[in-house]
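# Overview (structure and organization)
Listed below are the residues making up each chain.
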Amino acid sequence: MTQQLETPVTELPKLLVSVRKAAEILDISERVVYELCYTHELESVKVGPKKWIRRITCESLNRYVEKARLESYEVGESPR
């Protein structure tokens, strides 16, 4: 009888999210997320056998929010 060792599975952070999830995270419409992708303000990749599924990189979501936050301060809004 062989004894199997259980290896703990560590949860890796997500690398990609759907357009719907990105819209939910940013609290904006899916249409705006697509526009941000087309203008390269959000980085996205096409996945799947026919490359018709678009996914947004989580890293670009963080960059987008940080850039928007900094731009808000530049126009005179006070930080919260």
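Just so you know, the residues in each chain are numbered from 1, in the order the chain's sequence is written. Per-residue local features of the predicted model are confined to residues with pLDDT of at least 70, and side-chain atom pairs are confined, for both listing and counting, to 80 or more; whole-chain, interface and lining totals are unaffected and use all residues. Here the side-chain values reflect all heavy atoms present in the structure, with hydrogen atoms and water set aside.

## A look at the sheet that holds strand β1 (residues 16-18)
- Two strands are counted as paired when DSSP detects at least two bridges linking them. Comment: elements are numbered from the N terminus, with helices defined as DSSP H or I runs of at least four residues and strands as E runs of at least two. The 3 strands lie next to each other as β1-β3-β2, forming an open sheet whose pairing is antiparallel. In this open sheet, the two edge strands, each paired with only one partner strand, are β1 and β2 (44-47). If you compare each strand with its neighbour and ignore which way they point, the axes differ by 40° on average.
- Across 4 bridges, the pairing between β2 and strand β3 (residues 53-57) is antiparallel. Among the inter-strand pairings, Lys 46 is bridged to a residue of β3, identified as Arg 54.
- On top of the sheet, helix α2 (residues 30-38) reaches β2 and β3; it is set at about 80° to β3, its chief contact.
- In the packing of helix α3 (residues 58-74) onto the sheet, the strands contacted are β1 and β3, and the crossing angle to β3 comes to about 55°. Interaxial angle, 0 to 180 degrees, is taken between N-to-C directions of lines fitted to C-alpha atoms, where a helix line uses only the stretch in contact. By definition in these notes, contact holds between two residues if any of their heavy atoms fall within 4.5 Å.

## Details of the confidence of the model for the protein chain
- Note: pLDDT gives the predictor's confidence per residue, expressed from 0 to 100. A residue-level look at the protein chain finds 79% of positions with pLDDT of 70 or above and a mean pLDDT of 87.
- Per-element confidence in the protein chain is highest for α2, whose mean pLDDT is 97, and lowest for α3, whose mean pLDDT is 92.

## Brief notes about the packing of aromatic side chains
- Pairing of aromatic rings covers Phe, Tyr and the six-membered ring of Trp, with a centre-to-centre limit of 6.5 Å; geometry is then stacked below 30 degrees between planes, edge-to-face above 60, and tilted otherwise. Tallying each qualifying case throughout the model produces 1 aromatic pair.
- Arranged with centres 6.3 Å apart and planes meeting at 25°, the rings of Tyr 34 and Tyr 38 form a pair that is stacked. One end of the pair is Tyr 34 and the other is Tyr 38, both in helix α2 and 4 residues apart, which spans about a single turn.
- Judged by relative accessible area, Tyr 38 falls into the exposed class, the value being 54%. With a 1.4 Å probe rolled over the protein chains alone, any residue whose accessible area is under 20% of its type maximum counts as buried; one over 50% counts as exposed, and the rest are partly exposed.

## Some thoughts on helix α1 (residues 19-26)
- Every buried residue of α1 is accounted for by Val 19, Ala 22, Ala 23 and Leu 26. Take α1 and look down its axis: the buried residues cluster within an arc of 100°, on one side only. Exposed side chains of α1 directed beyond 90 degrees from the buried face belong to Arg 20 and Glu 24.
- The elements touched by buried residues of α1 are β1, α2, β3 and α3.
- One or two steps after α1, the chain reaches Asp 27, where phi turns positive at roughly 60°. An arc is given here, and it is the one of the directions from the helix axis to the C-beta atoms.

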